[in-house]
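Here is what each chain is made of, one letter per residue.
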Amino acid sequence: MGGPRVLLLGASMGAGHDAVCAELARRLRARGATAEICDVLTLLPPAAGPALRAFYRGTVRHAPTLYAAIYALFLSPGDGPRPGSAPLAATARNRLLSRVRAFRPDLVVPAFHLAAQITGRLRTEGALSTPASVFVTDFAVHRGWLHPGNDLYVCLTERGATTARAATGRPAAVSGPVVDPSFHRAADHSGDLGATAPRVPAGPPPVLLSTGAWGVGTHTVSTARLLAGHGCRPVLLCGRDERLRRRAARVPGALALGWTDDMPGLMASARLLVDNAAGQTAAQALAAGVPVVTWRPLPGHGLAGARSMAAAGLTTYARDRGELLAAVGRLLGPGPERTGQVERGRGAFTADAVDLLTRPVR
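Being a predicted model, the structure only gives us computed values, none of them experimental.

## Focus: the pairing of strand E2 (residues 34-39)
Inspection of the sheet shows strand E1 (residues 5-10) paired to E2 by 6 bridges, in the parallel sense. Bridge assignment links Gly 10 to a residue of E2, and that residue is Asp 39.

And the structure:
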């Protein structure tokens, strides 16, 4: 008799949710399960998914104040009646049920907040008989993740699990982030670049600057100049934004990189990550033993996640240039602050998310 059949619901919004779903699927298959990944944006009406992705990308990049207002209105915690994503979730109902009938899963795992609303709604209606265990990819658990119809929540921190239990009345467990195991191995090979990783020239200590898959950030090139002027070698991760990569390449002493598939190799060479999203790159750095300084976080979920990670002692949140340079100075070299943050980061990986998620169907 084979293992369970698991349908993973991700979303092609950047690369973080895709990476989490891919790693969950790998772990499931290694245990004998049959895993299938579905992009929840494909379950929406035609053209709605690409439009939603384009709107999100455009507002984060060009209208951050507007995105912050949308996040506050629709997603941030708080009491009282406010609009939510229920109407959008309802439009995916029939397509998801059709996918479930075709695949016949024993478990559905939403790994994107809209997916959690869809499954919670269907479970409440009785239309979805398959259990739904939500894997929350955000360090700050916002309203979009929370629906009492889902059966279980697996969160990154105990604070997140407490929020999920209180809001839904459902059980919640803590696993820590989900990253490829090669990031954990990178922590034991500091300075040893992977075979396909871009080479960081010898010299000043390398500091990674993350902008995500879309190359989104605020004054990223200015930050690179600032760090270069204080004895660092900025390594800008420009994602798929070729324009940003060309601009960053003009910073004296900096290394500007486009999309790379060997992030573990880069993490193994880095002394520090300057992050702006509290997302998957930050989680990868925790696994690799690379201290994280949050600087100019993205609005909405980025800011909320940055505050949550800092409150847990996993990162250092710099609020101005002076705090940024002071944090970089303290964390670059050996010392108790660097050691403590690295240990707390690696200690965040408390359990295997797959073990927790599949517990209801064993």
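Once you've had a look at it, read on.
## Side note on the domain arrangement of the protein
Often, the extent of an interface is quoted as the loss of accessible area on bringing the components together. The domains assigned to the protein are domain 1 (3-174) and domain 2 (182-348). Between the C-alpha centres of domain 1 and domain 2 there is a distance of 27 Å. With 19 residues of domain 1 in contact, the opposing surface of domain 2 contributes 20 residues. Buried area between domain 1 and domain 2, both sides added, is near 1700 Å², and the carbon and sulfur share of it is 71%. If you sort the residues of domain 1 by the area they bury against domain 2, Arg 57, Arg 61 and Phe 139 come out on top, with a joint share of 33%. Here domain 1 and domain 2 share 1 salt bridge between them. Where domain 1 meets domain 2, there are 5 residue pairs in polar contact (both at pLDDT 80 or more). Among the elements of the structure, helix H1 (16-30), helix H2 (48-62) and helix H3 (64-74) are those that each provide at least two residues to the side of domain 1 that touches domain 2. Considering each element in turn, the side of domain 1 that touches domain 2 owes the most residues, 5 residues, to H2. For the side of domain 1 that touches domain 2, a count of residues per class yields 13 nonpolar, 2 polar and 4 charged.

## Here's the deal with the sheet that holds strand E9 (residues 255-257)
Read across the open sheet, the 6 strands follow the order E9-E8-E7-E10-E11-E12; overall the sheet is parallel. Edge positions in the open sheet fall to E9 and strand E12 (316-318), since each of these has one partner strand only. Shown here is a sheet whose adjacent strand axes are inclined to one another by a mean of 25°, direction ignored. Of the pairings in the sheet, the one linking strand E10 (residues 272-275) to strand E11 (residues 292-295) comprises 3 bridges and is parallel in character. When the bridges of E11 are listed, Leu 273 appears paired with Val 292.

## Some points on the packing of aromatic side chains
In this structure the tally under the stated criterion is 2 aromatic pairs. Where Tyr 56 meets Trp 214, the ring centres are 5.7 Å apart and the plane angle is 55°; that geometry is what we call tilted. With Tyr 56 in helix H2 and Trp 214 in the loop between strand E7 (206-210) and helix H9 (220-228), this pair connects stretches of sequence that are 158 residues apart. A single burial state applies to Tyr 56 and to Trp 214, both of which are buried.

## A few points about the pattern of salt bridges
Counted according to the given criterion, the structure contains 13 salt bridges. Here Arg 26 and Glu 23 are joined by a salt bridge, their closest N and O atoms 2.7 Å apart. On the criterion of helical spacing, the pair formed by Arg 26 and Glu 23 is a turn pair, its members being 3 residues apart in helix H1. Residue Arg 26 is classed as partly exposed on the basis of its relative accessible area, which comes to 39%. For Glu 36, the salt bridge identified is with Arg 99, shortest N-O distance 2.9 Å. With Glu 36 in strand E2 and Arg 99 in helix H5 (residues 93-103), this pair connects stretches of sequence that are 63 residues apart. Residue Glu 36 is classed as partly exposed on the basis of its relative accessible area, which comes to 24%. Each of Glu 23, Arg 26, Arg 27, Arg 31, Asp 352 and Asp 355 takes part in a single network of salt bridges with overlapping partners.

Cut-off values and rules
Residues numbered from 1 in each chain as written. Predicted model: local features only at pLDDT ≥ 70, side-chain atom pairs only at ≥ 80, totals over all residues. Heavy atoms only, no water. Pairing = 2+ DSSP bridges. Helix = DSSP H or I, 4+ residues; strand = E, 2+ residues; numbered from the N terminus. Domains from an automatic or database assignment. Contact = heavy atoms within 4.5 Å. Buried area = accessible area lost by both parts, 1.4 Å probe. Salt bridge = Lys/Arg side-chain N within 4 Å of Asp/Glu carboxyl O. Polar contact = N/O pair within 3.5 Å; in protein donor to acceptor, adjacent residues only side chain to side chain. Nonpolar A, V, L, I, M, F, W, Y, C, P; charged D, E, K, R; others polar. Axes fitted to C-alpha atoms, helices over the stretch in contact; angles between N-to-C directions. Phe/Tyr/Trp six-rings, centres within 6.5 Å; stacked < 30°, edge-to-face > 60°. Buried < 20%, exposed > 50% of the residue type's maximum accessible area, 1.4 Å probe, protein only.

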